[in-house]
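Per-entry structural report
So the chains spell out like this:
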Amino acid sequence: MDERVWREQRAALNAARGRFGEVASGLYPDTPRVAGTPLLCTDGWIPDKPVPLGDVRLEWEERPAPPAVADPSDGLPAGYRTYAEAMAALAPPRVFEDRPSHRLLDVRLPVLRFGPARYFDGVNVGESAAHELAAGTDGLPLRTRVGDPCDLTRRPVLCAITTLTVTTSGSYVLHWRDPAKVAHAGGLHQVMPVGVFQPLRDEAPDLWGCMVREYSEELLGTAEDYGGGFVQEEWPFHRTMTAARDAGRLRPYFLGLGVDPLTFALDLLTVVVVDAGLFDELFGGLVDVNEEGAVSLAPFDGSVPRPMQPAGAAALALARRHREALGLTRG
């Protein structure tokens, strides 16, 4: 394959991720779904009720990565060893760095076990699998080698934290992901903030700390470069968010997890319920456009914009299902 054809196929994927996601979903007819959405799951991944975020326990294990399932025969132009290498040279998103990330190893709720990985580990499998489907590759060899998308032993399973931010006045924060800016899920709507679950440096996995950084970056447009001397616990925004959480004005919950059928991305689903007045205090400077796309407020009334990323649709569906437990009876 030459570079021109690869670029055309990549452009076709980004132009119709919603449609290709539906095709991919159809490849797994016997796999359970999260709350009637396309997001794939398995037994034990969706709790019966929202779990307060502080009750989720994270463990760490230095477990070696599983054998690679992608190789240069998987539809890459000549001269490129990995999909991430081809993306960086031929179709780079605005932000594309091989940062340390957390790999999910085991799920025994309320315990999640993680190990080390790099961001490109997920790109090399997930985006390559999506590309081969969009290109109409005979037999879908990479997807076939991956097998069960919910099997955590078959590939490096990197996670994103998908957070539905919903106010007590009945609105939530909606994102449209610009395919020119993002490596994953371009052209789709999504709740926000959402970000890859990864450390700033070498600290242990911390759901709340990662979520707070994403709130600042995605809703307020702050930079991702925090500098060498940064201590998150001393950061005024982190202290304000944490104080609001401890006072009960901002209530984070864990809803479960699931796998995107197109890219195999795994999302940890959370919801943060924010008192309406506090939302205005914290995010009165809500941006219209950020580093990844367009931002708006939408009514939390059961409607879902199309096309919607499966993880976002799942978070919305679960939050609607549990709205009384979450204190979201309005709407």
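Scroll up to find the structure.
Residues numbered from 1 in each chain as written. Predicted model: local features only at pLDDT ≥ 70, side-chain atom pairs only at ≥ 80, totals over all residues. Heavy atoms only, no water.

**Looking at the overall build of the protein chain**
A count of helical and extended segments in the protein chain gives 9 helices and 12 strands. Radius of gyration (C-alpha) of the protein chain: 19 Å, near the 20 Å computed for a compact globule of 331 residues. In terms of principal-axis extent, the alpha carbons of the protein chain reach across some 55 × 45 × 40 Å. When the 331 residues of the protein chain are sorted by exposure, 54% land in the buried category. A sequence separation of at least 24 residues applies to 72% of the contacts in the protein chain between residues at least 6 apart. For the protein chain, the exposed area adds up to about 13,900 Å²; of that, 51% sits on carbon and sulfur atoms. For the protein chain, the distance from the average site of its 33 positive side-chain charges to the average site of its 45 negative ones is 3 Å. (Helix = DSSP H or I, 4+ residues; strand = E, 2+ residues; numbered from the N terminus. Rg over C-alpha atoms; globule rule 2.2 N^0.38 Å. Buried < 20%, exposed > 50% of the residue type's maximum accessible area, 1.4 Å probe, protein only. Contact = heavy atoms within 4.5 Å. Areas by Shrake-Rupley, 256 points an atom, 1.4 Å probe, with all protein chains shown as cover. Lys, Arg positive; Asp, Glu negative; His and termini not counted. Charge placed at Lys NZ, Arg CZ, Asp CG, Glu CD.)

**Quick notes on the pattern of salt bridges**
Inspection of the entire model under this criterion finds 17 salt bridges. A salt bridge links Glu 8 to Arg 4; the nearest nitrogen and oxygen atoms lie 2.9 Å apart. Here Glu 8 and its partner Arg 4 are both found in helix H1 (residues 3-15), 4 residues apart, which amounts to about one turn of the helix. Exposure remark for Arg 4: the relative accessible area of 49% places this residue in the partly exposed category. Across the pair Arg 177 and Glu 292 runs a salt bridge, and its minimum N-O distance is 3.3 Å. (Salt bridge = Lys/Arg side-chain N within 4 Å of Asp/Glu carboxyl O.)

**A short note on the nonpolar core**
The biggest cluster of nonpolar side chains holds 76 residues, and the ones touching the most others in it are Leu 104, Leu 164, Leu 266 and Leu 268. One finds Leu 76, Tyr 83, Phe 120 and Val 123 within the second-largest nonpolar core, a separate group that totals 12 residues. (Core = buried A, V, L, I, M, F, W, Y, C linked by side-chain atoms within 4.5 Å.)

**Describing the packing of helix H2 (residues 17-25) against helix H4 (residues 119-134)**
H4 packs onto H2 with a crossing angle of 90° between their chain directions and a minimal axis gap of 10 Å. Classed by the angle they form, the pair H2 and H4 counts as roughly perpendicular. Each of Arg 17, Phe 20, Val 23 and Ala 24 in H2 lies in contact with H4, whose residues at this interface are Glu 127, Leu 133 and Ala 134. Counted by class, the contact of H2 with H4 contains 5 nonpolar, no polar and 2 charged residues. (Axes fitted to C-alpha atoms, helices over the stretch in contact; angles between N-to-C directions. Parallel < 35°, antiparallel > 145°, perpendicular 65-115°, else oblique. Nonpolar A, V, L, I, M, F, W, Y, C, P; charged D, E, K, R; others polar.)

As far as function goes, none of this settles anything; it's purely spatial.
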